[in-house]
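Secondary and tertiary structure notes
Letter by letter, the chains look like this.
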Amino acid sequence: MNPQPNYKEEAEQVEADLKVQLCEPFPGLQTGLIRSADLFGYVGIESVLDQMRRKTVKAGFEFNIMVVGQSGLGKSTLVNTLFKSKVSRKSSTPNYEEKISKTVRLHAVSHVIEEKGVKMKLTVIDTPGFGDQINNQNCWEPIVKYVNEQYEKYLREELNVNRKRRIPDSRVHCCIYFLPASGHSLRPIDVEFMKRLGKIVNIVPVIAKADTLTVEERQEFKERIRQDLEANGIHVYPQRELDEDPEDRILNDRIRASIPFAVVGTDKEHQVNGHKVLGRKTKWGIIEVENVAHCEFANLRDLLIRSHLQDLKDVAHNVHYETYRVRRLNESNMNLSELVLSSWPLQNKMDKCETESHL
């Protein structure tokens, strides 16, 4: 039996490490740690948080979310339910007709959502045509290409001599991958997609239209999917190796135990015990979307918006984008080195000719 981790000891160790980092930022530089109790009076350092908040609220936020899955799994409905507004491509396009695309095409739709004075520019990237063909070989390639193109666009802006004070961010912060409620296990296309995309973007898998499964079927299906993810080395968000402290680990372990989220989406309201609730009406009753006893939509919403939105953006920037940036800069340096090396024989020949002419 494995011993239970002692989170208190880990927290104390983290605090001790933090003290070392604070007190020894540079070798040879003497620095001390002064606590609130040691101050002569009020300084006002805490007001920095208010300054940061005012500045951030004034500038607004950006959040880019991609939805991937075959047609008919309720991607548009779920996104509308998440943000309680018609933000999906299908809802934003007048006279929209659902047509099965012969190839995977990507469409991005942006909206500015304001709530209590806080503005967020939300971009929803849809992937019509994914998984809808008889032969779905390499159907993930346009999606991989799109994600890398956004990284490249951001990198070019960063490398500009006169770059903008605030670089427009079109990078994908999160990809919701929709699994059909088959009750079996991951399909080959699911495994291949998540293995490739999991290396370059944050993936959150969900079981679409989970109300078609019984509670027992749902739990067995979730367990089989978790086993498949582990067996195939697929990393989904939140990644265990990125937990920063014991508090994060406890919260993220709870999330990892719930992945994939079994969700139901709807934009219709119904009366339940005198209250209006979002739900789907069936002949057996009403499935309440935000009731955790009925489905895990609320857990998904909390992860994406209420608890981990900023962390999704941080991981996208500090991990996935940084990996791309390092690779591209290394490639550029190699190409520059090859160019310099290839020019040496020509330069030597020119120098020799110049010397002979002087003689």
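Each chain carries its own residue numbering, running from 1 in the written order of its sequence. Given that this is a predicted model, residues contribute local features only at a pLDDT of at least 70 and side-chain atom pairs are listed and counted only at 80 or more, while totals for whole chains, interfaces and linings are drawn from all residues. The side-chain numbers reported here are obtained from all heavy atoms of the structure, hydrogens and water having been left aside.

As annotated in an unreviewed UniProt entry, the chain carries the name Septin and comes from Oryzias sinensis. UniProt positions are given in the numbering used here, feature names are shortened, and annotations may be inferred rather than shown by experiment. Heading Sequence similarities (unreviewed entry) of the UniProt record for the chain holds this comment: "Belongs to the TRAFAC class TrmE-Era-EngA-EngB-Septin-like GTPase superfamily. Septin GTPase family."

In this section: the overall build of the chain. Runs of H or I in DSSP of at least four residues are treated as helices and runs of E of at least two as strands, each being numbered from the N terminus. Summing up its helical and strand segments, the chain has 10 helices and 9 strands in all. Type-normalised accessible area, obtained with a 1.4 Å probe on protein chains alone, sets the label of each residue: buried when under 20%, exposed when over 50%, and partly exposed for intermediate values. By the burial criterion, 36% of the 359 residues in the chain qualify as buried. Restricting the contact set of the chain to residue pairs at least 6 apart, pairs at least 24 apart contribute 66%. For the area figures, the Shrake-Rupley method with a 1.4 Å probe applies, and any residue is considered shielded solely by the protein chains shown. On the chain, roughly 23,100 Å² of surface is accessible, and the fraction owed to carbon and sulfur atoms is 52%. Contacts between residues were defined by any pair of non-hydrogen atoms, one from each residue, lying within 4.5 Å.

Glancing now at the sheet that holds strand β2 (residues 107–115). Adjacent strands of a sheet form backbone hydrogen bonds with each other and so pair up, either parallel or antiparallel. Ordered in space as β2-β3-β1-β4-β5-β6, the 6 strands form an open sheet in which the pairing is mixed. If you trace the sheet from one side to the other, it starts and ends with β2 and β6 (261–262), each paired once. Note: β2 against strand β3 (residues 118–126), 9 bridges, orientation antiparallel. Bridge assignment links Ser110 to a residue of β3, and that residue is Thr123. Pairing between strands requires that DSSP locate at least two bridges from one strand to the other.

Before going further, it helps to examine the pattern of salt bridges. Proximity of charged atoms lets side chains of opposite charge pair with each other. The rule for a salt bridge is simple: a side-chain nitrogen of Lys or Arg has to be within 4 Å of a carboxyl oxygen of Asp or Glu. Applying the stated criterion across every chain, the model contains 20 salt bridges. As a salt-bridge pair, Arg156 and Glu152 come within 3.2 Å of each other at their nearest N and O atoms. Here Arg156 and its partner Glu152 are both found in helix α5 (residues 141–159), 4 residues apart, which amounts to about one turn of the helix. You can call Arg156 exposed: its relative accessible area is 52%. You can call Glu152 buried: its relative accessible area is 14%. By sharing partners, the salt bridges in this structure join Lys84, Glu290, Arg301, Asp302 and Arg306 into a single network.

Centres within 6.5 Å make a pair out of two Phe, Tyr or Trp rings, where for Trp the six-membered ring is used; the pair is then stacked when the planes are under 30 degrees apart, edge-to-face when over 60, and tilted otherwise. Following the criterion strictly, the structure yields 6 aromatic pairs and no others. A centroid spacing of 6.1 Å and a plane angle of 80 degrees characterise the contact between Phe130 and Tyr177, whose relative ring orientation is edge-to-face. Of the two residues, Phe130 is situated in the loop between β3 and α5 and Tyr177 in strand β4 (residues 174–179); the sequence distance between them amounts to 47 residues. The buried category is assigned to Tyr177, whose relative accessible area is 0%.

Our focus in this paragraph is the environment of Asp267. Looking at the element boundaries, Asp267 is found in the loop between β6 and β7 (269–272). Asp267 sits in the partly exposed class, given a relative accessible area of 42%. Once the C-alpha coordinates of Asp267 and Leu278 are considered, the two residues, 11 residues apart in sequence, prove to be 6.5 Å apart. Apart from residues no more than four positions distant in its own chain, Asp267 is found in contact with Thr77, Thr81, Lys86 and Leu278. Among the polar contacts listed, one links the side chain of Asp267 to the side chain of Lys86, at a separation of 3.3 Å. Distance and chemistry together define a polar contact, namely a pair of N or O atoms within 3.5 Å, with one atom able to donate a hydrogen and the other to accept it when in protein, and with adjacent residues in sequence counting only for side-chain atoms on both sides.

So, on to the pairing of strand β9 (residues 285–288). Direction of pairing for strand β8 (residues 275–282) relative to β9: antiparallel, over a ladder of 4 bridges. Each bridged residue has a counterpart across the sheet, and for Thr282 the counterpart in β9 is Gly285. What sits between the antiparallel neighbours β8 and β9 is a turn of 2 residues.

Before going further, it helps to examine the sheet that holds β7. Within the open sheet, the 3 strands sit side by side as β7-β8-β9. Their pairing is antiparallel. Both edges of this open sheet fall to β7 and β9, since each of them pairs with a single strand only. With direction set aside, neighbouring strand axes in the sheet form an average angle of 70 degrees. Where β7 and β8 come together, 4 bridges link them in antiparallel fashion. When the sheet's bridge partners are listed, His270 is paired in β8 with Val277. Axis definition: a line fit to C-alpha positions, over the contact stretch in the case of helices; interaxial angles, taken between N-to-C directions, run 0 to 180 degrees.

A surface patch of nonpolar side chains, amounting to about 710 Å² of accessible area, comprises Ile34, Leu39, Val43, Ile45, Val48, Leu49 and Met52. Of note, Met52 is situated in helix α2 (residues 47–59). For patch detection, residues must exceed 30% relative accessible area and be free of salt bridges, and they are connected within 9 Å for like charges or within 5 Å for nonpolar side chains (Val, Leu, Ile, Met, Phe, Trp, Tyr).

Now for the environment of Asn148. Mapping Asn148 onto the fold places it in helix α5. In this structure, the C-alpha to C-alpha distance between Asn148 and Tyr324, residues 176 residues apart in sequence, is 7.9 Å. Ignoring any residue separated from it by four or fewer positions in sequence, one finds Asn148 in contact with Ile200 and Tyr324.

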